[in-house]
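Report on the structure
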Amino acid sequence: MFPETFETERLRFEPRWSERVDVHELYEICSSDPGIEEVTEYVSWSPHETPKETAEFLDRGRSKWDDREAAGYVLRPREGEDGAGEIAGTTGIALKWDRQTAVLGLWLRKRFWGRGYSGERAAALCELAFDRLDLEVVAVSHHPDNEQSERAIGKYVDRFGGRREGRLRNTLVDVDGGVFDEVRYTISRSEWREATDGGTDIL
């Protein structure tokens, strides 16, 4: 149902499975990569404490893929990019089939911030959701204090004709059980098609 690998102009998407990702390489990134505390400040996970935690993260990705609940990928910059072939982060879409909605997710290592990768992979995932999975809405959200995500998301949501839905109260839960608001955005299939003429970002 989901493409196992695909590419955009600067990025390669590979399945977030233990068979395809070196557990120890990802563990080093998720536990002690420079800037990991900043990376995880506004996401739903904390730096990994053991390789077992990383392995379980990959196993959940495979299980959700097999159950058609989500498609998770590791992102690798393509040849010609600084850090080509390295894991830059992970991304994916969670599927809410009963609502005809795909929910985008992303985290990037700090050294890969500021390159526009967020928008490039969002374009590809929108194309996957609308063109290949025939869904009606793509949704994405961020923690209200996450200004970097706000800028990145706002930029590509505007590009695709979407909108900021607003601030939803007490909808995010962190690993420690804390409850927070989220700022939510959506893009409809018709908005995306009008803005992109059908999508051309997946190579």
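Preceding this paragraph is the structure being described.
In this report, we go over the structure that sits alongside the text. (Residues numbered from 1 in each chain as written. Predicted model: local features only at pLDDT ≥ 70, side-chain atom pairs only at ≥ 80, totals over all residues. Heavy atoms only, no water.)

1. Side note on the packing of helix H1 (residues 23-32) against helix H3 (residues 51-66)
The N-to-C vectors of H1 and H3 enclose an angle of 110 degrees; their axes lie 9 Å apart at closest approach. By the angle class used here, H1 and H3 are roughly perpendicular. Only Pro51, Thr54, Ala55, Phe57 and Leu58 of H3 make contact with H1, whose side of the interface consists of Val23, His24, Leu26 and Tyr27. Classifying every residue of the contact of H1 with H3 gives seven nonpolar, two polar and no charged. (Axes fitted to C-alpha atoms, helices over the stretch in contact; angles between N-to-C directions. Helix = DSSP H or I, 4+ residues; strand = E, 2+ residues; numbered from the N terminus. Parallel < 35°, antiparallel > 145°, perpendicular 65-115°, else oblique. Contact = heavy atoms within 4.5 Å. Nonpolar A, V, L, I, M, F, W, Y, C, P; charged D, E, K, R; others polar.)

2. Some thoughts on the environment of Glu194
Tracing the backbone through its elements, the reader meets Glu194 in helix H6 (residues 189-196). We classify Glu194 as exposed; its relative accessible area is 69%. Sequence separation of Glu194 and Leu125 is 69 residues, and the distance between their C-alpha atoms is 17 Å. (Buried < 20%, exposed > 50% of the residue type's maximum accessible area, 1.4 Å probe, protein only.)

3. So, the packing of aromatic side chains
The tally for this structure, following the rule as stated, stands at 10 aromatic pairs. With 5.9 Å between their ring centres and 80 degrees between their planes, Phe13 and Tyr73 make a pair best called edge-to-face. Note that Phe13 is positioned in strand S2 (residues 11-15) and Tyr73 in strand S3 (residues 70-77), a separation of 60 residues in sequence. With centroids separated by 5.1 Å and ring planes inclined at 65 degrees, the aromatic side chains of Trp45 and Trp107 adopt a geometry described as edge-to-face. Taken together, the residues Trp45 in the loop between helix H2 (36-39) and H3 and Trp107 in strand S5 (residues 101-108) connect sequence positions 62 residues apart. The pair Trp45 / Trp107 is uniform in exposure class, with both members buried. In this structure, Arg16 packs its charged tip against the face of Phe57, placed 4.0 Å from the ring centre. (Phe/Tyr/Trp six-rings, centres within 6.5 Å; stacked < 30°, edge-to-face > 60°. Lys NZ or Arg CZ within 6 Å of the ring centre and 35° of its normal.)

4. Overview of H1
Along H1, the residues that are buried comprise Val23, Leu26, Tyr27, Ile29, Cys30 and Ser31. Considering only its buried residues, H1 is in contact with H2, H3 and S5. Measuring from the side-chain oxygen of the N-cap residue of H1 to the backbone nitrogen of His24 gives 2.9 Å; that N-cap residue is Asp22. (Polar contact = N/O pair within 3.5 Å; in protein donor to acceptor, adjacent residues only side chain to side chain.)

5. Description of the pattern of salt bridges
Across all of its chains, the model carries 18 salt bridges by this definition. Across the pair Glu165 and Arg163 runs a salt bridge, and its minimum N-O distance is 3.2 Å. In this structure Glu165 comes out as partly exposed when scored by relative accessible area, which is 37%. One salt-bridge network, held together by shared partners, links Asp33, Asp82, Glu86, Arg109, Arg111 and Arg115. (Salt bridge = Lys/Arg side-chain N within 4 Å of Asp/Glu carboxyl O.)

6. Quick word on the pairing of S2
Most of S2 sits inside the fold, with four of its five residues counted as buried. Between strand S1 (residues 6-7) and S2, which pair antiparallel one after the other, the connecting turn spans three residues. Here S2 pairs with S3 via five bridges, running antiparallel. If you follow Arg12 over to S3, its bridge partner there is Arg76. (Pairing = 2+ DSSP bridges.)

7. Structural notes on the nonpolar core
One recurring pattern in soluble globular proteins is that nonpolar side chains are buried together. Core analysis: the largest hydrophobic core is formed by 37 residues, its most contacted members being Phe13, Tyr73, Ile93, Leu104 and Tyr156. By size, the runner-up hydrophobic cluster in this structure holds 13 residues, among which are Ile29, Cys30, Val39 and Leu58. (Core = buried A, V, L, I, M, F, W, Y, C linked by side-chain atoms within 4.5 Å.)

8. Re the sheet that holds strand S6 (residues 137-142)
Here eight strands make up an open sheet; going across it, the order is S1-S2-S3-S4-S5-S6-S8-S7 and the pairing mixed. The outermost strands of the open sheet, each flanked by one partner alone, are S1 and strand S7 (163-173). Sheet topology note: the S6/strand S8 (residues 179-188) ladder contains six bridges and is antiparallel. Bridge assignment links Ser141 to a residue of S8, and that residue is Arg184.

9. As for the environment of Ile29
Note that Ile29 resides in helix H1. Taking the C-alpha atoms as reference points, Ile29 and Phe6, 23 residues apart in sequence, are found 23 Å from one another. Not counting the four nearest positions on each side in its chain, Ile29 is found in contact with Ile36, Ile87, Trp107 and Arg109.

Shape descriptors only; they carry no functional weight alone.
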